[in-house]
Amino acid sequence: METTKFALGQAVPRTEDPRLLKGHGNYVDDCNLRNQAHAFMVRSPHAHAEIKSIDAAEALSMPGVVAVLTGADYDADGLGYIAGPTPYKRRDGSVMYRPPRPAITADRVRHVGQIAAMVVAETVEQAKDAAEAVEIDYEALPVNVSTADARQAPRIWDDCADNESFLYEVGDKAAVDAAIAGAAHVIRQRYVINRITANAMEPRGALSDYDPRTERYTIYTGVQRPYAWRTNLAKNLFHVRESQIRFVTGDLGGSFGMKGAIYPEVPLTAWASKRLGRPVKWRCERSEGFPADDHARDNVSDVTLALDADGKFLAMGVETTAAVGAYLAFLGMGAPTGNVGGLAGVYTTPAMHVAVSAVLTNTSPTSPYRGAGRPEASYILERTIDIAARKLGMDPVALRRRNMIPSGELPYKTPLTFTYDCGEFEAVLDKTLAKADYDGFAARRAEAEAVGKLRGIGISCTIERAAAAQLETAELRFDPTGDATILIGTTPHGQGHETIYKQLVCGTLGLDPDTVRVIEGDTDAVSFGTGTGGSRTATIGTAAVLKAMEKVIDKTKRIAAHSLEAATEDIVFEEGQFSIAGTDRVMSFLEAAALAFDPTKLPPDMEPTLAELASYTPEVANYPNGCHIVEVEITPETGQIALDRYSVVDDCGYELNPLLVKGQVHGGIAQGVGQALMENMVYDPDSGQLLSGSFMDYSMPRAGDLCNYDVGAHPVLTKTNPLGVKGVGEAGTVGALAAVMNAINNALAPLGIEHFEMPATPDRVWKAIAEVRSSSNQGPA
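Residues numbered from 1 in each chain as written. Predicted model: local features only at pLDDT ≥ 70, side-chain atom pairs only at ≥ 80, totals over all residues. Heavy atoms only, no water.

## Brief notes about the pattern of salt bridges
Link 1 in the chain: Evaluated as defined, the whole model comprises 46 salt bridges.
Link 2 in the chain: Members of the salt-bridge network, linked through shared partners, are Asp437, Arg444, Arg455, Glu631, Glu633, Asp644 and Arg645. (Salt bridge = Lys/Arg side-chain N within 4 Å of Asp/Glu carboxyl O.)

Here is the structure:
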């Protein structure tokens, strides 16, 4: 095998895939320990109710039942809360309201699916049977599930009268108000971005084992940020030293942000293991996951865009109400606030102001989900531009081009938190227009009309922040035989981490990828790490590995110089071998690495072995950007929407592996399309019951709902990290939601429908068409 073909920039297949496809993955449910018991959670059927009493006598008498644990037991053992950051303020200037969240409630339930008791038995089936026998007397309370009306609804928490957790503001409101007052054109629109859920291929789970000899908890679970979980649970819930908790994360069957939250079931299994003196395992069933997993999105935004007579953007104001659920998730405040800078887009809008009110509702908590505020911001902006273009009688592309940031003006400080370091936004737009045959759309629309179809085209030009400044740690160590191990604090859930790390090391050092092992997600094996999230691994993870590898090269360079009897400064390292400059005397990297284990062959001041640790933190984030152009066809008689053409060009900087980049874009697009067309978490407004609690009622996109994607690249390398990389993990979703909804609205616009909200299900689309045709006497749909 020629190792030079396994290097950065090569579109090599993922090295993880053969193992995973053969069923050799190591997921949570693959983990089992001797003498383990099984837990099953008794969950509230009420959205809001007082717990009057719990009777577990019958359940405890059933076969195989080991224990029934309640909130009273939890409190008696002195356990604390699932906590998280509190960086914001309330309207009165006081610290933001983060409700106290025990892993199991003792007095009141505040959303359907909240844990009221935990049954532990010898088998899962026995635990399920016993859970049915646990009698809980509830007293129902008023319910609040409306995001828009939450602040006027009955309070969920006695000490939070208006149900508002915090108010976040950024920008210049006075400048925005002044610009709107004097603008030639003012566009106002309300957007409802519906609640959805991740539905990862692998449901959540946990296996915990408490060792009384060492007083340590070992927790096997799928999690994106094991080190943050360890710190949080040690300090706030278990009240132990951090070294007393070990998290082990193996393969993750998808996460998309959902498994970044700290869930109650994880500490509950650990607590139960300590109480019972044996390992305790819990696995989430699919129907259980709908109410128990953290959800996402669920925003209502009122947007005002001011333009001058020529269509130049003057100002934009956004007021968003974001539902965070009955409890604030570990990073629940992040999605509504962390990426509002994306509302500035790739445009020169001089004045902006955003206000985000985070409200508590009797619903499951919300957490980051692929994009984490980025798709919402881009949708609001790009949809508003299309509405403005229609009202001004301009082509949507022309309006965007008129307001686009010229390449010569970068770095560019936006009015909202972000400073873009590089990018060629108009070039990306032009490349996508050509790829999509934008000029040929009119003819394709006419062909569709001739057969009774409604055809629309949608565009989005989006930018996002990726890889915010956070620490990552990597270690590169070698065995005497030359095999290498990369240990790093990131956690994989389908991105291809192992592959890109191997490409970096093998391509530089001349190693065979089969001799390189990657270890992630074990807090005992890796010294520290931030984990995975926010499109950070390609930027920060690889940079940490690069730094460790550079230390390895520096050491082996000195070894080679000593062995070749040359000065270190005369040694050149290229393509996996050292040479004396200007001569043909060479030594391979592996030869130098082997000498590192022979003290007699080393310089006098050098320690034997070869293992180097390095950390990396970027000073600033990077800003991937792209353009999506979508065409859809609607069948008026059924409301069915078909994606017909999809073109996208992304600037994600240097592409470590173009094949993986395309895979990330493909997957992201599917999730954006899913929300646009069908996905929807629905609660009954009166009872707070989850009406879309299974795949019978919650629709997910399938292959037939999608089309072929024409994916292109326009890499502009960033100087914010050593490899010039920009994150790509969320780019597909960020651009897809806006582009698809713009295409749907463009198809419906000739009928007089000015704005149609997601999800564009056939039923909703058919009703909208029937209503407008009925009111205008256009005949039946």
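## Considerations on the layout of surface pockets
Link 1 in the chain: Within this model, the second largest pocket holds a volume of roughly 420 Å³.
Link 2 in the chain: Around the second largest pocket, the lining is made up of 21 residues, and of these Asp386, Arg390, Met394, Pro396 and Asn746 lie nearest the centre.
Link 3 in the chain: Considering each element in turn, the lining of the second largest pocket owes the most residues, six residues, to helix α10 (residues 374–392).
Link 4 in the chain: The residue inventory of the lining of the second largest pocket, partitioned by class, reads ten nonpolar, four polar and seven charged. (1 Å grid on protein atoms, 1.4 Å probe; cavity = no way out; pocket = protein on both sides within 12 Å on 5 of 7 lines; lining within 4 Å. Points joined across faces, edges and corners; volume = space filled by probe spheres on them. Helix = DSSP H or I, 4+ residues; strand = E, 2+ residues; numbered from the N terminus. Nonpolar A, V, L, I, M, F, W, Y, C, P; charged D, E, K, R; others polar.)

## Side note on the nonpolar core
Link 1 in the chain: Among the nonpolar cores identified, the biggest contains 109 residues, and Leu343, Tyr646, Ile744 and Leu748 are the most heavily contacted of them.
Link 2 in the chain: The dominant element in this core, judged by the number of residues it contributes, is helix α18 (residues 731–748), at eleven residues.
Link 3 in the chain: Residues in contact with Leu748, not counting those within four places in the same chain, are Leu454, Ile634, Ile753, Phe756, Val765 and Ile769. (Core = buried A, V, L, I, M, F, W, Y, C linked by side-chain atoms within 4.5 Å. Buried < 20%, exposed > 50% of the residue type's maximum accessible area, 1.4 Å probe, protein only. Contact = heavy atoms within 4.5 Å.)

## Some details on the side chain of Thr532
Link 1 in the chain: Its place among the elements puts Thr532 in the loop between β21 (516–520) and α15 (537–564).
Link 2 in the chain: For Thr532, a relative accessible area of 4% puts it in the buried group.
Link 3 in the chain: Among the polar contacts made by the side chain of Thr532, one reaches the main-chain carbonyl oxygen of Thr491 at a distance of 2.6 Å.
Link 4 in the chain: When near neighbours in sequence (up to four residues on either side) are disregarded, Thr532 contacts Gln224, Arg225, Thr490, Thr491, His493, Gln495, His497 and Thr537. (Polar contact = N/O pair within 3.5 Å; in protein donor to acceptor, adjacent residues only side chain to side chain.)

## Structural notes on the sheet that holds strand β28 (residues 709–713)
Pairing between the strands of a sheet comes from backbone hydrogen bonds, and it takes one of two forms, parallel or antiparallel.
Link 1 in the chain: The mixed open sheet is built from four strands, whose spatial order is β18-β26-β27-β28. Both outer strands of the open sheet, β18 (454–463) and β28, are each paired with one neighbouring strand and no more. Averaged over all adjacent pairs, the angle separating strand axes in this sheet is 15°, with direction ignored.
Link 2 in the chain: Bridge count for β18 against strand β26 (residues 625–635) is ten bridges, and the pairing is antiparallel. (Pairing = 2+ DSSP bridges. Axes fitted to C-alpha atoms, helices over the stretch in contact; angles between N-to-C directions.)

## A closer look at the packing of aromatic side chains
Link 1 in the chain: Scanning the model with the defined rule gives 18 aromatic pairs in all.
Link 2 in the chain: A centroid spacing of 5.4 Å and a plane angle of 55° characterise the contact between Tyr227 and Phe528, whose relative ring orientation is tilted. In this pair, Tyr227 is assigned in helix α6 (residues 226–238) and Phe528 in the loop between β21 and α15, connecting sequence segments 301 residues apart.
Link 3 in the chain: Assessed through its relative accessible area of 33%, Phe528 is described here as partly exposed. (Phe/Tyr/Trp six-rings, centres within 6.5 Å; stacked < 30°, edge-to-face > 60°.)

## Things to note about the packing of α10 against helix α11 (residues 396–403)
Link 1 in the chain: Between α10 and α11, whose axes approach to 9 Å, the crossing angle comes to 115°. Looking at the two axes, α10 sits roughly perpendicular to α11. α11 is crossed by α10, and the crossing has right-handed handedness. Between α10, through Glu382, Ile385, Asp386, Ala388 and Ala389, and α11, the contact on the second element is made entirely by Pro396, Leu399 and Arg400.
Link 2 in the chain: Class assignment of the residues belonging to the contact of α10 with α11 gives a composition of five nonpolar, no polar and three charged. (Parallel < 35°, antiparallel > 145°, perpendicular 65-115°, else oblique. Left-handed = near helix turned anticlockwise from the far one by under 90°.)

## Quick word on helix α19 (residues 762–775)
Think of an α-helix as 3.6 residues a turn; residues three or four steps apart then line up on the same face.
Link 1 in the chain: With 14 residues, α19 extends 20 Å between its outermost C-alpha atoms, agreeing within 8% with the 20 Å of an ideal straight helix rising 1.5 Å per residue.
Link 2 in the chain: For α19, every residue scored as buried is listed here: Val765, Ala768, Ile769, Val772 and Arg773. Down the axis of α19, the buried side of the element spans an arc of 125°, and every buried residue falls inside it. Exposed positions of α19 whose direction lies more than 90 degrees from the buried face are Glu771, Ser774 and Ser775.
Link 3 in the chain: Contacts from the buried residues of α19 go to β18, β26, β27 (640–651) and α18. (Expected span 1.5 Å × (residues − 1). Arc of directions from axis to C-beta.)

## Focus: the environment of Gly277
Link 1 in the chain: Among the structural elements, Gly277 can be located in the loop between α7 (265–276) and β12 (280–283).
Link 2 in the chain: With 241 residues separating them in the primary sequence, Gly277 and Gln36 have C-alpha atoms 9.8 Å apart.

## Brief notes about the sheet that holds strand β4 (residues 108–109)
Link 1 in the chain: The three strands are arranged β4-β2-β6 in an open sheet whose pairing can be described as antiparallel. Of all strands in the sheet, those with a lone pairing partner are β4 and β6 (135–140), marking the two edges.
Link 2 in the chain: Examined bridge by bridge, strand β2 (residues 49–55) and β6 share six bridges and lie antiparallel to one another. From the neighbouring strand, Ile54 faces β6, where its bridge partner is Ile136.

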